[in-house]
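A closer look at the structure
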Amino acid sequence: MLVQDRAAPAAPKSPKTQMQGQIRAALPTLHQNHRFSEPKSLDFSTWASENLYKIFTVGVLIVTVAAFLFLYNVGDSAALLCFKNTQSESLQALQFPRVDWGSVAGVTDKSSPYANFRSERWIVVSVSSYPSESLKNLVKLKGWQVLAIGNSRTPADWKLKGAIFLSLEQQATLSFRVVDYLPYDSYVRKSVGYLFAIQHGANRIFDADDRGEVIDGDLGKHFDVELVGEGARQDIILQYSHENPNRTIINPYIHFGQRSVWPRGLPLENVGEVGHEEFYTQVFGGKQLIQQGISNGLPDVDSVFYFTRKSGLEAFDIRFDAHAPKVALPQGMMVPLNSFNTMYHSSAFWGLMLPVSVSTMASDVLRGYWAQRLLWEIGGYVVVYPPTVHRYDRIEAYPFSEEKDLHINVGRLIKFLVSWRSSKHRLFEKILELSYKMAEEGFWADKDVMFTAAWLQDLLSVGYQQPRLMSLELDRPRASIGHGDRKEFIPRKLPSVHLGVEETGTVNYEIGNLVRWRKNFGNVVLIMFCSGPVERTALEWRLLYGRIFKAVVILSEQRNPDLAVEEGHLDQVYKQLPTIFNRFTSAEGFMFLQDDTILNYWNLLQADKSKLWITDKVSNSWTMVSASGNSDWFSKQGELVKKVVSSMPVHFQVSYKEAVNSQQSFAICNSEVFYIPRRFVADYDDLVSLVGDLDIHHNVAIPMFFLSMDSSQNFDSVFSTMIYKRKPPSSNSTFYSAQAPAVHPWNVSSEQEFIKLIRLMAEGDPLLMELV
C-alpha cells in the first residue's frame, strides 16, 4: 500500500529483488535520480539543464588537471600544497548558502500553453499511471483547477480533460531552480507544481493524490477555504490544551473516534497513548494556514499499523466521526501532516517544499513538522478537520523500509524543532537557517539545504511575498487555564475491529516490543565494521539495526561514499572511534559490532547502559597471554602495552594493574562487540591519545582500555551467555539462537544470506518478516 505513487521504478537499470529495492530506498541520503526509461526528444537547453552537474564535473576535472600540471611544471611545490589543501578544505563541510534576496530575478511562464491562464484555487497531484476514477472526479470540483505532475513512469500520452498536465519535458522548460534537485521517478516533483500554481495566481492549494474522493464533492464544505471576507466562517475553534508543556505530539485520530489507529509519522513510543483529552481550550479562527483533513477508508497510517492490524487481503475501510469538531494545535504541539489531503493558504505556501534527500514515505511528514515549527514564527497554526476525503485501499505492498527515516528520527526531530530558536529578522532567512540546522543534526542531507535555497528563490521569482514575522508565543509566559476557559468534548468510540483484529486498548504485542527496544537504544549509536562486501550488505545492515539505534555508522577497508560507508582499518579502528564519538555529542552510548557477529538486541534490555559491556567472560574471545615465550608479534605487542601503561595517569594505571598482576602478561580480546557509555567516552579519548602512533592492535588495545577505565567486576555481564565459536558449524540454522544476546561467527556476504538471517532473527523480532 503506497501513500502516493511511491513505488520503485518499473524498470530499474539492473534486476534486483523486491527486498533489495526496499532496502536501497531506506537510506535517506542516497536517493539517485533515475534516467528516463525511454529516450525523450529534448532540445539542447533542456539537455544542458538536466546534465548540468555532468558538465560542471567535467569542467572542474579539466581545470583541476590543468592547474596541477601547471603547478607541477613550474616547480612551485608550495603552491601545489596550497592548492591541495584548499581543495580538501572545500569538501570538509557544507557552507551555509548565501542568497541575495533582493536580486532574485522574476520568472514568467513563456513556454507552456497555459502562460496566460490564472486561477486562485488549485489541486496539485502526482501521477504515474493513467487517470484514476478518483482523479476524474477531482476535475469536476467547481472552482478548482487540477494540476497533474508527471514523472519518469507517467505514460507519454497521459491526458485528462479539465486538468493541466506537466510532463518531465515541460517541467524542465519552466526555469525553476528546484528542477535540478528533483528525482525523476518520485512524487516529490510536486514541488514544481506548487511553484507553477503560485506563478499562475494561486492563493489556496489543496495537496492531494489520485486515489482520494472528496466527500460530497465540495472542499468548501469541509475546509475553511476562506479565512477573510464574506465567505469566511470567523468561528471559534476548539484547541488542544497547552497545560502540559512537555506534551509535543498529538494523535488526532483519537479526537475523531479511532483511538486504536495512529497516523504515519507519529513516533512509535506515542502509539500507546490512547486516552482522550481531559479538556480543551479555544482559539479564534483566521490563522489556520495549514489545514489537515482526515481520510475515511484508508487513512494515513504507517506500515507497522498496516501489517499488524489486518488479516488476509481484505481492504481497510476505517471510518471517523464526521460530527467531531475541528481542532487546532497550540504552539509547542505538533501533529503528523501528509501530502494527499491538506489545504494550504498563501501565507503558508513556503511550507509546501518536499525534501528530496529522505525516503519518499518520510518526505511529506518531515515537511509537515518543519513547516509547523516555522508556522509559529508568523502566528499561524494547524487545524485538523473531520473526514474530508475517502481513500481506497489498493492492497499493495507497503515498503516498511521506506519509513526508516520516520521510525528512527521523528521523535528526536520533534524535540529539536520545539527547542529551536532563531535570531533572523525575515522568514526566509529563518527557513534557510532551520534547514541548515536540520542537516547538521542529520534529519536530512546537505542536498536539502541547497534545495531549500533554490525553493525560496523560486518562490520570489514567481512573485511570492514572504509573510511578516510575529513574536513567538512559546517564549512568553503562558496564561493559566481557568475553569471557565476549559471546554469539554468526549470523543466517540467508533467500532475498532479492523478485519478481525480486536481492539484491546493497548497496541499489538510486536509493536510494543519495537517501541520498547527503540526507547532503550534510541539514543545509542551503533558503529559497525564490515569485512564483507559492503555493496551487497551495507544497506541491509543499516536497515536491520537502524530501526533500533539512533544511528548506524558503517566502516570498511574500502570507502564507499555512495553507500555512506567510511574508510577504516580493523587492526587500528579503535583510534577512529573518538572522531565518531564527537559527531554524536548527545548520544548516551556507543555499541561497536563487527559484521561477523549478530546482535540480538531484544535480549539486551536488562543490561546497564551506564556500564561497560565486553566479552571478558567469554573464554574463546578473551584470554590472557604472556609476552615472553610467544611469537615476535606477541612480544612486540606486550612491550607496547607496557610502555602505554607506564605513561598512564594514576587512576588508569591502578585499575589496569589490579586486573593484570604480571608485567609479562596482557589481555587479548577479539573485540567483535562491546559497548561504551557516555560517561567513559572522555576516558577512552585520553587512552587513545596515550597510544598515539604506537602500532598496538585493536584486539590488544580494547581490553587494555577497558581494564584501565574500570574494574572488570563492574563490567555488565550481558554478553557472558552469547554463542561464541571459533569456527561456525556446518549448519548455520542450528547454530543460531534467538535466546542468546549475540551470536558469533555468522557471515553474511549476499542478499540471500541476509534474508536467511532475517528469517531466523524474526523469532525474536517478528516484525522483521515484513522486510522479506
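Read on for a plain summary of the structure. (Residues numbered from 1 in each chain as written. Predicted model: local features only at pLDDT ≥ 70, side-chain atom pairs only at ≥ 80, totals over all residues. Heavy atoms only, no water.)

In this section: the nonpolar core. Among the nonpolar cores identified, the biggest contains 158 residues, and I205, W350, W541, Y545, M591, Y601 and F719 are the most heavily contacted of them. Non-local contacts of Y545, meaning those with residues more than four positions away in its chain, are made with L526, M528, V552, L593, T597, I598, L599 and Y601. Counting 51 residues, the second-largest nonpolar core is a separate cluster that includes A667, V681, V688 and V700. (Core = buried A, V, L, I, M, F, W, Y, C linked by side-chain atoms within 4.5 Å. Buried < 20%, exposed > 50% of the residue type's maximum accessible area, 1.4 Å probe, protein only. Contact = heavy atoms within 4.5 Å.)

This brings us to the environment of V525. Structurally, V525 is set in strand 12 (residues 524–530). Along the backbone, V525 and Y675 are 150 residues apart, and their C-alpha atoms lie at a distance of 9.8 Å. Residues in contact with V525, not counting those within four places in the same chain, are K550, A551, V553, F584, A587, G589, F590 and M591. (Helix = DSSP H or I, 4+ residues; strand = E, 2+ residues; numbered from the N terminus.)

Oppositely charged side chains can form a pair if their charged atoms are brought close together. For the structure on display, the rule yields 26 salt bridges. With its nearest N and O atoms 2.6 Å apart, the salt bridge here joins D216 to K221. E429 is the partner of R426 in a salt bridge, and the nearest nitrogen-oxygen pair spans 3.5 Å. By sharing partners, the salt bridges in this structure join E120, R121, R204 and E226 into a single network. (Salt bridge = Lys/Arg side-chain N within 4 Å of Asp/Glu carboxyl O.)

This part is about the environment of F735. Its place among the elements puts F735 in helix 21 (residues 732–735). For the pair formed by F735 and P745, sequence separation is 10 residues and the distance between their alpha carbons is 9.5 Å.

Here the focus is the sheet that holds strand 21 (residues 742–744). Pairing is mixed in the open sheet, where 3 strands are placed in the order 16-21-20. Each having just a single partner strand, strand 16 (598–599) and strand 20 (723–724) make up the two edges of the open sheet. (Pairing = 2+ DSSP bridges.)

A separate point is the sheet that holds strand 13 (residues 551–556). Read from one edge to the other, the open sheet built from 5 strands follows the order 14-13-12-15-19, with strand pairing classed as mixed. The open sheet has two edge strands with one neighbour each: strand 14 (565–567) and strand 19 (673–677). Sheet twist, expressed as the mean angle between neighbouring strand axes with direction ignored, is 25 degrees. Note that strand 13 and strand 14 share 3 bridges and pair parallel. (Axes fitted to C-alpha atoms, helices over the stretch in contact; angles between N-to-C directions.)

On to empty space enclosed by the protein, then. Scanning the model with the defined rule gives 5 cavities of 30 Å³ or more in all. Here the largest cavity is characterised by a volume of approximately 90 Å³. If you go around the largest cavity, the residues you meet are P252, Y253, P263, Q292, G293, I294, S295, D300, V335, P336, N338 and F340. Of all elements in the fold, only helix 8 (252–255) and strand 8 (290–297) reach the threshold of two or more residues within the lining of the largest cavity. Among the elements that make up the lining of the largest cavity, the one with the highest residue count is strand 8 (4 residues). Of the residues assigned to the lining of the largest cavity, the class counts are 7 nonpolar, 4 polar and 1 charged. (1 Å grid on protein atoms, 1.4 Å probe; cavity = no way out; pocket = protein on both sides within 12 Å on 5 of 7 lines; lining within 4 Å. Points joined across faces, edges and corners; volume = space filled by probe spheres on them. Nonpolar A, V, L, I, M, F, W, Y, C, P; charged D, E, K, R; others polar.)

Two elements in contact, helix 19 (residues 681–691) and helix 20 (residues 698–709), have axes separated by 10 Å at closest approach and are oriented at 130 degrees. Taken together, helix 19 and helix 20 sit at an angle that is classed as oblique. Two packed elements cross with a definite hand, and for helix 19 against helix 20 that hand is right-handed. Only I702, M704, F705, S708 and M709 of helix 20 make contact with helix 19, whose side of the interface consists of D683, Y684, L687, V688 and V691. (Parallel < 35°, antiparallel > 145°, perpendicular 65-115°, else oblique. Left-handed = near helix turned anticlockwise from the far one by under 90°.)

This part covers the side chain of S750. On the secondary structure map, S750 appears in the loop between strand 21 and helix 22 (751–761). Once you skip the residues sitting within four places of it in the chain, S750 turns out to touch R536 and T537.

The subject of this paragraph is the packing of aromatic side chains. A complete count under the given rule lists 39 aromatic pairs for this structure. Centre to centre, the rings of F96 and Y436 are 5.1 Å apart; their planes meet at 70 degrees, and the pair counts as edge-to-face. Of this pair, F96 sits in the loop between helix 4 (77–90) and strand 1 (121–126) while Y436 sits in helix 12 (residues 427–440), and the two are 340 residues apart along the sequence. Ring centres of Y684 and F705 lie 5.3 Å apart, and the angle between their planes is 90 degrees; this geometry places the pair in the edge-to-face category. Here the residue Y684 occupies a position in helix 19, and F705 occupies one in helix 20, the gap between them amounting to 21 residues. (Phe/Tyr/Trp six-rings, centres within 6.5 Å; stacked < 30°, edge-to-face > 60°.)

Of all 5 residues making up strand 2 (residues 145–149), 5 are buried, and the element is well covered by its neighbours. Covered by surrounding structure in strand 2 are Q145, L147 and I149 together with V146 and A148, the residues of both alternating faces. As judged from the 5 bridges shared by strand 1 and strand 2, these two strands associate in the parallel manner. The residue bridging S126 from the neighbouring strand is I149, located in strand 2. At this point the chain moves from strand 1, through helix 5 (residues 133–139), to the parallel strand 2, and the crossover so formed is right-handed. (Right-handed = clockwise from strand over helix to strand, strands pointing away.)

Our next topic: unusual backbone geometry. With an omega dihedral of -5 degrees, the bond running from H744 to P745 counts as a cis peptide bond. Along the chain, P745 turns up in the loop between strand 21 and helix 22. At S175, a position not held by glycine, the phi torsion is positive, near 65 degrees. Note that S175 resides in the loop between helix 6 (168–172) and helix 7 (190–199). A positive phi angle is found at D216, which is not glycine, with a value near 65 degrees. Checked against the element boundaries, D216 lands in the loop between strand 5 (212–214) and strand 6 (236–240). Take D216: its relative accessible area is 54%, and that puts it in the exposed class.

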